[in-house]
Amino acid sequence: EAITRLRRSVDQLLESGRVPIGTPSREVLETYRMFAHDRGWMERLREAVRRGLTAEAAVERVRNENRARLMKASDPTFRERLHDLEDLANRLLRHLEGGINLAELPDNAVIIARNIGPAELLDFDREKLKGIALEEGSASSHAAIVAKALGIPLVGRLEGALDRAENGDPVILDGEFGILHIRPQPDVEETYQERMRLLSERRLSYAELRGPTVSRDGVRVGLHMNAGLLIELMALDEAGADGVGLFRTEFQFMVSETLPRLSAQAAVYKSVMDAAGDKPVVFRTLDLGGDKVAPFAPSTKEPNPALGWRAIRMGLDRPGLLRYQMRALIQAAEGRPLQVMFPMISAPWEMRAARDMLDREVRHAKHAGHPIPSELKVGMMLETPGMAWALEHVIDTVDFVSVGANDLMQYFFAADRQNTRVSDRYDVLSPAALDLLKRINDVCVAHDTPVSVCGEIAAKPLEAAVLIGLGYRSLSMASGNIGPVKKLVSGLDVDKLGTWLASRFESPADSLRPLLLEAGEDAGLPREAVENGRAI
């Protein structure tokens with residue numbers, strides 16, 4: 001009876017309309033429902049009861065067996081499944097105890113737990129739940145994906161949080177820096193209240209900058225947002241973005257136990273295009289591999305995953321997977337314009353092979369009598385130094401180029417950007433790095449090919465100013481960074497900055513950052529950019 005109630009509660013979540021079809025959160029719950037109906041799990045519970053255990057003890061026994069087995073797995077994907085099974089066991093125990101209403105939360109509640117499951121998270125009152133602090137948890141967990149989709153801050157890896165906190169304690173959860181303050185002192189509260197006030201004022205000032213982004217000397221710059229979840233598109237108009245410069249398609253695959261069906265993929269892409277309205281969306285094809293693992297795809301241990309079998313390499317080696325996604329994108333367009341971008345292109349032949357595959361899918365759709373995109377634009381993500389120097393050999397194959405600055409810079413400096421021991425040893429504002437970025441822009445301009453920069457450097461005001469000074473006229477970033485960059489551009493003298501940079505490429509300095517901050521307004525920078533740059 002308890003298991004029946006458990007399954008019914010999951011079914012009700014799926015049928016309630018709170019989790020839209022085609023979203024990653026929906027995929028998570030579909031996977032969760034599969035666990036709830038798993039025959040092996042049920043049989044182990046029945047066997048434990050037949051051996052004389054109570055129902056509650058049987059759930060605990062099976063939970064411990066699963067934990068011991070899955071914790072031995074070297075693949076993090078299998079360890080992540082453990083959290084889903086733990087969530088399932090917790091819900092079953094609550095049903096055995098007669099049920100507990102998790103929705104009864106006080107106002108402004110922050111939940112502190114060892115871990116939390118995706119379905120359990122959806123049980124809470126979203127109006128009252130303001131944050132989640134976990135002793136375990138990871139950025140790629142199912143709960144993190146659902147929390148992000150709901151707009152609820154979630155911070156993981158807070159060791160000892162449960163031992164230090166008591167029920168009803170006042171806390172401050174800092175989602176930006178990943179910090180939990182338990183029973184904060186008055187001065188800490190005042191600091192955060194002031195910070196929230198300043199953030200609110202800044203948002204209001206950014207809201208006044210809606211409309212085209214134009215520099216002080218009249219240069220128009222396109223600012224686009226990055227996204228990977230449908231719910232993120234709610235910020236498209238609010239942020240004043242010109243469109244979606246990068247829509248990451250892999251999230252739908254990372255939360256699904258099986259390859260998403262063609263109809264499910266097409267439903268997500270169609271919803272994204274519908275939400276964007278008349279603003280353009282650039283869909284990046286699957287960028288799986290490395291640290292992005294799909295449960296249904298075989299995971300291979302590689303000595304250096306960042307340089308291994310990932311992104312377009314996987315797509316070209318597994319053409320069925322890539323063609324299936326292409327077919328879904330074409331179907332979702334429903335005769336509208338479609339922009340598709342291929343990630344991690346490392347050699348000209350890869351781009352030609354990927355484009356040929358997409359062209360064949362368009363011809364296939366037309367031959368079958370299906371609507372085809374009214375306009376198809378195909379681009380590549382330039383993320384390797386080798387491709388930067390071979391750009392002339394592939395530029396005629398693409399309709400646009402997006403510079404994936406995060407990977408490009410870490411490969412350029414041979415320094416893992418996620419490794420704190422080496423990530424701060426280089427600066428993207430070094431003359432050598434800027435020379436490479438300028439070369440890419442110059443080649444694209446010479447061939448009349450649109451080019452943009454996507455990555456962390458596009459989201460930082462000072463770095464964004466330098467990119468514009470180098471000649472880039474389109475940047476793509478997280479929606480929350482568009483306001484600060486838009487404000488920066490409004491006070492920027494692009495011509496003066498470009499002239500200043502051109503005279504410094506031969507500089508022996510390790511970085512132009514200190515020279516740029518010292519020059520300030522003489523280099524065309526607005527005062528605010530200089531002050532923020534020095535604060536950082």
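Definitions and cut-offs
- Residues numbered from 1 in each chain as written.
- Predicted model: local features only at pLDDT ≥ 70, side-chain atom pairs only at ≥ 80, totals over all residues.
- Heavy atoms only, no water.
- Helix = DSSP H or I, 4+ residues; strand = E, 2+ residues; numbered from the N terminus.
- Contact = heavy atoms within 4.5 Å.
- Areas by Shrake-Rupley, 256 points an atom, 1.4 Å probe, with all protein chains shown as cover.
- Pairing = 2+ DSSP bridges.
- Salt bridge = Lys/Arg side-chain N within 4 Å of Asp/Glu carboxyl O.
- Buried < 20%, exposed > 50% of the residue type's maximum accessible area, 1.4 Å probe, protein only.
- Core = buried A, V, L, I, M, F, W, Y, C linked by side-chain atoms within 4.5 Å.
- Polar contact = N/O pair within 3.5 Å; in protein donor to acceptor, adjacent residues only side chain to side chain.
- Phe/Tyr/Trp six-rings, centres within 6.5 Å; stacked < 30°, edge-to-face > 60°.
- Axes fitted to C-alpha atoms, helices over the stretch in contact; angles between N-to-C directions.
- Parallel < 35°, antiparallel > 145°, perpendicular 65-115°, else oblique.
- Left-handed = near helix turned anticlockwise from the far one by under 90°.
- Nonpolar A, V, L, I, M, F, W, Y, C, P; charged D, E, K, R; others polar.
- pLDDT = per-residue confidence, 0-100.
- Arc of directions from axis to C-beta.

(A) Main features of the overall build of the protein. Within the protein one finds 24 helices and 14 strands. Counting only contacts in the protein whose residues sit at least 6 apart along the sequence, the fraction spanning at least 24 positions is 62%. Of the accessible surface of the protein, which amounts to about 25,700 Å², a share of 50% is contributed by carbon and sulfur atoms.

(B) Local environment of the sheet that holds strand β1 (residues 109-113). If you trace the three strands from one edge of the open sheet to the other, you get β1-β2-β3, paired in parallel fashion. Each of the sheet's edge strands pairs with one partner strand only, and the pair in question is β1 and β3 (154-155). Here five bridges tie β1 to strand β2 (residues 129-134), and the two strands are oriented parallel to one another. Residue Ile-111 lies in a different strand from β2, and its bridge partner there is Ile-132.

(C) View of the pattern of salt bridges. Enumeration over the complete set of coordinates arrives at 23 salt bridges. Residue Asp-493 pairs with Arg-216 through a salt bridge whose shortest N-O separation is 3.8 Å. One end of the pair, Asp-493, is in the loop between α21 (479-490) and α22 (494-502); the other, Arg-216, is in the loop between β6 (213-214) and β7 (220-227), and 277 residues separate them in sequence. Its relative accessible area of 16% is what places Asp-493 among the buried residues. For Glu-361, the salt bridge is made with Arg-323, and the minimal N-O distance between the two is 2.7 Å. Here Glu-361, found in helix α15 (residues 348-367), pairs with Arg-323, found in helix α14 (residues 319-333); they are 38 residues apart in sequence, far enough to count as distant. Here Glu-361 falls in the buried class, since its relative accessible area comes to 2%. Here Arg-323 falls in the partly exposed class, since its relative accessible area comes to 32%.

(D) Inspection of the nonpolar core at higher detail. Of all hydrophobic cores here, the largest spans 100 residues; its most connected members are Phe-342, Leu-391, Leu-437 and Leu-475. Each residue touching Phe-342, except ones within four places of it in the same chain, is listed here: Thr-285, Ile-312, Met-326, Met-351, Ala-354, Arg-355, Leu-358, Val-378, Gly-379, Met-380 and Met-381.

(E) Looking closely at the environment of Ser-507. Locating Ser-507 in the fold gives a position in the loop between α22 and α23 (513-519). Sequence separation between Ser-507 and Ala-432 is 75 residues, and the spatial gap between their C-alpha atoms is 9.5 Å. Contact partners of Ser-507, with chain neighbours within four places excluded, come to Pro-431, Leu-512 and Leu-515. Side-chain polar atoms of Ser-507 contact the backbone nitrogen of Ala-509, separated by 3.2 Å.

(F) Broad picture of the packing of aromatic side chains. Tallied over the full model, the rule gives four aromatic pairs. With a centroid separation of 5.8 Å and an interplanar angle of 65°, the aromatic rings of Phe-247 and Phe-283 are classed as edge-to-face. Within this pair, whereas Phe-247 is found in strand β8 (residues 244-248), its partner Phe-283 is found in strand β9 (residues 281-284), the two being separated by 36 residues in sequence. For the pair shown, Phe-247 and Phe-283 are each scored as buried. Ring centres 5.0 Å apart and planes at 85° place the aromatic pair Phe-412 and Phe-413 in the edge-to-face group. Owing to a relative accessible area of 30%, Phe-412 belongs among the partly exposed residues under this scheme. Taking relative accessible area as the criterion, Phe-413 reaches 25% and is therefore assigned partly exposed.

(G) Region of interest: the pairing of β2. Most of β2 is tucked away, with five of its six residues classed as buried. Pairing geometry for β2 and β3, over two bridges, is parallel. Directly across from Ile-132, in β3, lies its bridge partner Leu-154.

(H) Representation of the packing of helix α20 (residues 461-470) against α21 in the model. Closest axis-to-axis distance for the α20/α21 pair is 9 Å, and the angle between their directions is 50°. Taken as axis vectors, α20 and α21 run oblique relative to one another. For the pair α20 and α21, the sense of crossing is right-handed. Contact residues: α20 offers Pro-461, Ala-464, Ala-465 and Ile-468, while α21 offers Pro-484, Val-485, Leu-488 and Val-489. Of the residues contributing to the contact of α20 with α21, the split by class is eight nonpolar, no polar and no charged.

(I) The arrangement of the confidence of the model for the protein in detail. Averaged over every residue, the pLDDT of the protein is 83; the share at 70 or more is 78%. Within the protein, no element has a lower average pLDDT than helix α2 (residues 24-36), which sits at 59, and none a higher one than β9, at 98.

(J) Expanded view of the packing of α20 against α22. Interhelical geometry of α20 versus α22 gives an angle of 85° and a closest axis separation of 8 Å. The angle between the axes of α20 and α22 places the two elements in the roughly perpendicular class. Of α22, the residues touching α20 (which contributes Ala-465, Val-466, Ile-468, Gly-469 and Leu-470) are Val-494, Leu-497, Gly-498 and Leu-501. Residue composition of the contact of α20 with α22, by class: seven nonpolar, two polar and no charged.

(K) Seen up close, the side chain of Glu-383. For Glu-383, the location among the structural elements is in the loop between β11 (376-382) and α16 (385-389). The buried category is assigned to Glu-383, whose relative accessible area is 4%. At a separation of 2.6 Å, a polar atom in the side chain of Glu-383 contacts the main-chain amide nitrogen of Met-344. Sequence-distant contacts of Glu-383, defined by excluding residues within four places in its chain, comprise Pro-343, Met-344, Gly-404, Asp-407, Leu-408 and Tyr-411.

(L) Region of the structure containing unusual backbone geometry. Positioned with a positive phi, Arg-157 is a non-glycine residue whose angle comes to about 60°. Checked against the element boundaries, Arg-157 lands in the loop between β3 and α8 (161-164). Judged by its relative accessible area of 65%, Arg-157 is exposed. The phi dihedral of Glu-334 is positive, around 50°, even though this residue is not glycine. Position of Glu-334 relative to the elements: it lies in the loop between α14 and β10 (338-345).

(M) Local environment of α22. Here α22 has its buried residues at Val-494, Leu-497, Trp-500 and Leu-501. Looking down the long axis of α22, one finds its buried residues gathered within 125° of arc, a one-sided arrangement. Turned more than 90 degrees away from the buried face of α22 sit Asp-495, Thr-499 and Ala-502, all of them exposed. Its buried side turned inward, α22 meets α20 and α23. For α22, the capping residue at the N-terminal end is Asp-493, with a side-chain oxygen 3.4 Å from the backbone nitrogen of Asp-495.

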